[in-house]
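One letter stands for each residue in the lines below.
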Amino acid sequence: MVAAPGVREWWPSADEPERVREELRSDADYATFAIEVDGELAGWLGVEEEDDPYYRSAALDIILAPGYQGRGLGPEALRTMIRRLIEERGHHRFTIDPAVENERAIRAYESVGFKPVGVTRRSERRPDGTWRDSLLMDLLAEELR
Ligand SMILES: CC(C)(COP(=O)(O)OP(=O)(O)OC[C@H]1O[C@@H](n2cnc3c(N)ncnc32)[C@H](O)[C@@H]1OP(=O)(O)O)[C@@H](O)C(=O)NCCC(=O)NCCS
């Protein structure tokens, strides 16, 4: 899924599937959830919680397989997860940081209520090894749409 055209452009380690698998398995601070549509694996949603009570927030990541993109499923999955993180985990603030050039992702996150915070420069590697800027976005619980 990560290596598929339409996804790989946006996932820097897509060329190293073993590394992606290892990250998903072994990073205890990164919880990964499967997104299923009619019983089929449609994507994944990653959550990294900051548990320091003075800086509490949750950072999100999302990938949909090509056949499931462009139908509003990304925003729906994000809303579902954010609601759960508010209600069950007591979070009040969420972040997500798409590449500045990932216009579709930025539109999708804005539709959920995320607002741009600022550009983090040369913060993510493109698959070709060059650096690109990311857009840090955040959302407060009461802004969820
Ligand atoms: C980014 C992603 C999660 C968005 O989820 P989605 O369900 O496909 O999003 P939507 O169907 O709601 O589409 C998002 C918006 O972008 C628009 N859009 C689609 N393609 C676009 C493009 N090439 N440029 C700009 N906007 C685009 C859609 O029209 C929609 O806008 P609207 O709600 O105003 O109609 C999903 O496409 C995905 O996983 N893409 C590949 C991996 C990726 O980029 N992950 C994010 C890494 S941060």
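Everything below is about the structure shown above.
Rules and cut-offs
- Residues numbered from 1 in each chain as written.
- Predicted model: local features only at pLDDT ≥ 70, side-chain atom pairs only at ≥ 80, totals over all residues.
- Heavy atoms only, no water.
- Near = heavy atom within 4 Å.
- Polar contact = N/O pair within 3.5 Å; in protein donor to acceptor, adjacent residues only side chain to side chain.
- Areas by Shrake-Rupley, 256 points an atom, 1.4 Å probe, with all protein chains shown as cover.
- Helix = DSSP H or I, 4+ residues; strand = E, 2+ residues; numbered from the N terminus.
- Salt bridge = Lys/Arg side-chain N within 4 Å of Asp/Glu carboxyl O.
- Buried < 20%, exposed > 50% of the residue type's maximum accessible area, 1.4 Å probe, protein only.
- Core = buried A, V, L, I, M, F, W, Y, C linked by side-chain atoms within 4.5 Å.
- Contact = heavy atoms within 4.5 Å.
- Pairing = 2+ DSSP bridges.
- Axes fitted to C-alpha atoms, helices over the stretch in contact; angles between N-to-C directions.

Asks: Would you take a moment to explain the site of the ligand for this structure?
Replies: Taken together, 20 residues lie around the ligand, and L64, G70, G72, G74 and R107 are the ones closest in. One of the backbone nitrogen or oxygen atoms of G72 is found 2.8 Å away from an oxygen atom of the ligand. Contacts to the ligand include R104, whose side-chain N or O atom sits 3.2 Å from an oxygen atom. Contact with the protein chains covers 72% of the free accessible surface of the ligand, which is 950 Å². Elements with a minimum of two residues in the shell around the ligand: β3 (57–64), α2 (73–87) and α3 (103–112). Here the element with the most residues in the shell around the ligand is α3; it accounts for six residues.

Asks: It is not clear to me how the pattern of salt bridges should be interpreted in this structure. Could you clarify?
Replies: Side chains that differ in charge, positive against negative, can pair when their charged atoms come close. The full count for this structure, using the stated rule, is 11 salt bridges. Among the ionic pairs, R8 bridges to D15, the shortest N-O distance being 2.4 Å. Relative accessible area serves as the criterion here: at 25%, R8 is assigned to the partly exposed category. What makes D15 partly exposed here is its relative accessible area of 49%. Ionic pairing is found between R21 and E18, a salt bridge with its closest N-O pair at 2.7 Å. Of this pair, R21 and E18 both sit in helix α1 (residues 17–26), three residues apart, roughly one helical turn. In this structure, a network of salt bridges that share partners links the residues E101, E124, R126 and R132.

Asks: Could you clarify how one ought to interpret the nonpolar core in this entry?
Replies: Across soluble globular proteins, nonpolar side chains show a tendency to be buried alongside one another. Core analysis: the biggest nonpolar cluster contains 27 residues, and L45, L60, F94, Y109 and F114 have the highest contact counts within it. Sequence-distant contacts of F114, that is, excluding residues within four places in its chain, are made with L60, I82, F94, T95, I96, Y109, M137, D138 and L139. Core analysis: the next-biggest nonpolar cluster, separate from the first, contains eight residues, V7, W11, A14 and Y30 among them.

Asks: Explain unusual backbone geometry here, please?
Replies: Note: most residues except glycine have negative phi, and most peptide bonds are trans. Positive phi outside glycine occurs at D38, with the angle close to 50 degrees. Positionally, D38 belongs in the loop between β1 (30–37) and β2 (40–50). In the Ramachandran plot, R122 falls in the positive-phi region, its phi being about 45 degrees despite a non-glycine side chain. Note on placement: R122 falls in strand β5 (residues 115–125). What makes R122 exposed here is its relative accessible area of 64%.

Asks: Which parts of the structure should I look at to understand the pairing of β1?
Replies: Within a regular strand, the side chains alternate between the two sheet faces. Pairing geometry for β1 and β2, over eight bridges, is antiparallel. Counted as the bridge partner of A31 is V47 from β2. Linkage of β1 to β2, two consecutive antiparallel strands, is achieved through a turn of two residues, within which D38 is found at a positive phi near 50 degrees.

Asks: Explain the sheet that holds β2 here, please?
Replies: One key point about sheets: their strands pair by backbone hydrogen bonds, in either a parallel or an antiparallel sense. With respect to topology, six strands assemble into an open sheet ordered β1-β2-β3-β4-β6-β5, the strand pairing being mixed. With one partner strand each, in any of the chains shown, β1 and β5 form the two edges of the open sheet. Pairwise comparison of adjacent strand axes, ignoring direction, gives a mean angle of 25 degrees for this sheet. Judged from the two bridges that link them, β3 and strand β4 (residues 93–96) form a sheet pairing that is parallel.

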